[in-house]
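What follows is the residue order along each chain.
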Amino acid sequence: GNSVTQMEGPVTLSEEAFLTINCTYTATGYPSLFWYVQYPGEGLQLLLKATKADDKGSNKGFEATYRKETTSFHLEKGSVQVSDSAVYFCALSGKGSEKLVFGKGTKLTVNP
Amino acid sequence: GAVVSQHPSWVICKSGTSVKIECRSLDFQATTMFWYRQFPKQSLMLMATSNEGSKATYEQGVEKDKFLINHASLTLSTLTVTSAHPEDSSFYICSAIASGRGTDTQYFGPGTRLTVL
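Residue positions within a chain follow its written sequence, with the count starting from 1. Written order determines the labels here, with chains lettered from A and ligands numbered from 1. With the structure being a predicted model, the display of local features is reserved for residues of pLDDT at least 70 and the display and counting of side-chain atom pairs for 80 or more, all residues being used for whole-chain, interface and lining totals. Water and hydrogen atoms play no part in the side-chain values, which are based on all heavy atoms of the structure.

Caption draft 1: Layout of the sheet that holds strand E8 (residues 62–65) of chain A. Residue and element names in this part refer to chain A. The strand order across the open sheet formed by four strands is E3-E9-E8-E7, and the pairing between neighbours is antiparallel. Pairing within the sheet leaves two strands with one partner each, and these edge strands are strand E3 (19–21) and strand E7 (56–59). When strand polarity is set aside, the average angle formed by the axes of neighbouring strands in this sheet is 15 degrees. Being paired, for any two strands, means DSSP has found at least two bridges between them. Going along the chain from the N terminus, every DSSP run of H or I of four or more residues is numbered as a helix, and every run of E of two or more is numbered as a strand. For E3 and strand E9 (residues 75–77), the ladder comprises three bridges, and the chain directions are antiparallel. Bridging across to E9, Leu19 finds its partner in Lys77. Working convention: axes come from line fits to C-alpha atoms, limited for helices to the stretch in contact. Angles between N-to-C directions cover 0 to 180 degrees.

Caption draft 2: Spatial organisation of the interface of chain B and chain A. Should any heavy atoms of two residues lie within 4.5 Å, those residues are considered in contact. Each partner contributes to the interface: chain B provides 21 residues, whereas chain A provides 15 residues. The term salt bridge refers to a side-chain nitrogen of Lys or Arg lying within 4 Å of a carboxyl oxygen of Asp or Glu. Summed over the shared surface of chain B and chain A, the result is one salt bridge. Note that A:Lys99 is salt-bridged to B:Glu59, the shortest N-O span being 2.9 Å. In protein, a polar contact requires one atom able to donate a hydrogen and another able to accept it; more generally it is a pair of N or O atoms within 3.5 Å, and residues adjacent in sequence count only if both atoms are side-chain atoms. Linking chain B to chain A there are two residue pairs in polar contact (both at pLDDT 80 or more). Among the elements of the structure, strand E4 (32–38), strand E5 (44–51), strand E9 (90–97) and strand E10 (106–108) of chain B are those that each provide at least two residues to the side of chain B that touches chain A.

Caption draft 3: Geometry of the packing of aromatic side chains. Pairing of aromatic side chains requires ring centres within 6.5 Å, counting the rings of Phe and Tyr and the six-membered ring of Trp. Pairs whose planes differ by under 30 degrees are stacked, by over 60 edge-to-face, and all others tilted. This structure, assessed with the given rule, holds twelve aromatic pairs over all chains. Their ring planes at 55 degrees and their centres at 5.6 Å tell us that B:Phe28 and B:Tyr107 sit as a pair that is tilted. One end of the pair, B:Phe28, is in the loop between strand E3 (19–25) and E4; the other, B:Tyr107, is in strand E10, with 79 residues separating them in the sequence. Remark: exposure states derive from per-residue accessible area (1.4 Å probe, protein chains only) relative to the maximum for the residue type, with buried under 20%, exposed over 50%, and partly exposed in between. What makes B:Phe28 buried here is its relative accessible area of 6%. Overall, the relative accessible area of 22% leaves B:Tyr107 in the partly exposed class. Both rings, one in B:Phe34 and one in B:Tyr36, keep their centres 6.5 Å apart while their planes meet at 40 degrees; by these two values the pair is tilted. For the pair B:Phe34 and B:Tyr36, a shared accessibility class is recorded, and that class is buried. Taken together, the aromatic side chains of A:Phe34, A:Tyr36, A:Phe89, A:Phe102, B:Phe34, B:Tyr36 and B:Phe108 make up a single cluster linked through ring pairs. Seen from the ring of A:Tyr30, A:Lys68 lies directly overhead, with NZ or CZ sitting 4.1 Å from the centre. As a reminder, the over-ring test applies to NZ of lysine and CZ of arginine, requiring each to be within 6 Å of the ring centre and within 35 degrees of the ring normal.

Function cannot be read off these values alone, since they describe shape.
Rendered as structure tokens:
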């Protein structure tokens with residue numbers, strides 16, 4: 001079945017540091033890939049997504065590229081801020097399906 | 001826009017009792033809502049898909065008689081944990097897809113922490 005593996009946290013960075021959170025997936029066919037973010041006390045919010053190979057999703061300075069050859073969708077940001085502190089979830093949905101399969105989540109803490 | 005609320009945000013109950021959790025889409029209509037369960041340091045696991053006006057579709061391994069789902073209107077779905085036991089203690093999260101927006105984006109509620117004593 002479909003599955004998502006993302007790097008375990010927690011991750012602690014200083015402000016303006018570079019961020020990478022690794023995510024790899026196993027799926028049949030061509031799934032859609034997502035990154036969700038959960039800020040403290042709030043529900044998950046869609047951060048970015050990509051629906052086909054080589055697509056790059058981007059939002060709020062975050063980027064992730066759909067790499068079919070390495071089955072990866074790593075999240076990156078060039079310069080993190082304290083306000084980026086949250087839990088980040090990588091997820092996929094199978095072609096034609098609305099169901100999401102999530103990774104375990106990575107907690108990011110950014111210190112001033 | 002696209003706000004989903006859950007009530008209560010946390011609940012403690014005794015073993016053997018039933019607990020109802022509400023999921024509401026506040027500013028949009030949702031023909032489809034999803035219920036997830038999340039254990040500490042684990043990913044969200046889809047429990048069931050709730051469609052307005054029809055029976056919920058449960059994922060393999062989820063007991064439909066224990067986790068009753070009702071999606072009676074386009075803005076409300078409820079999850080009732082019947083005869084709750086300590087192993088049902090978990091974080092329950094709902095999400096909703098906005099009807100007619102031509103997108104499959106799911107909007108998530110903040111979650112409900114259930115503790116069964």
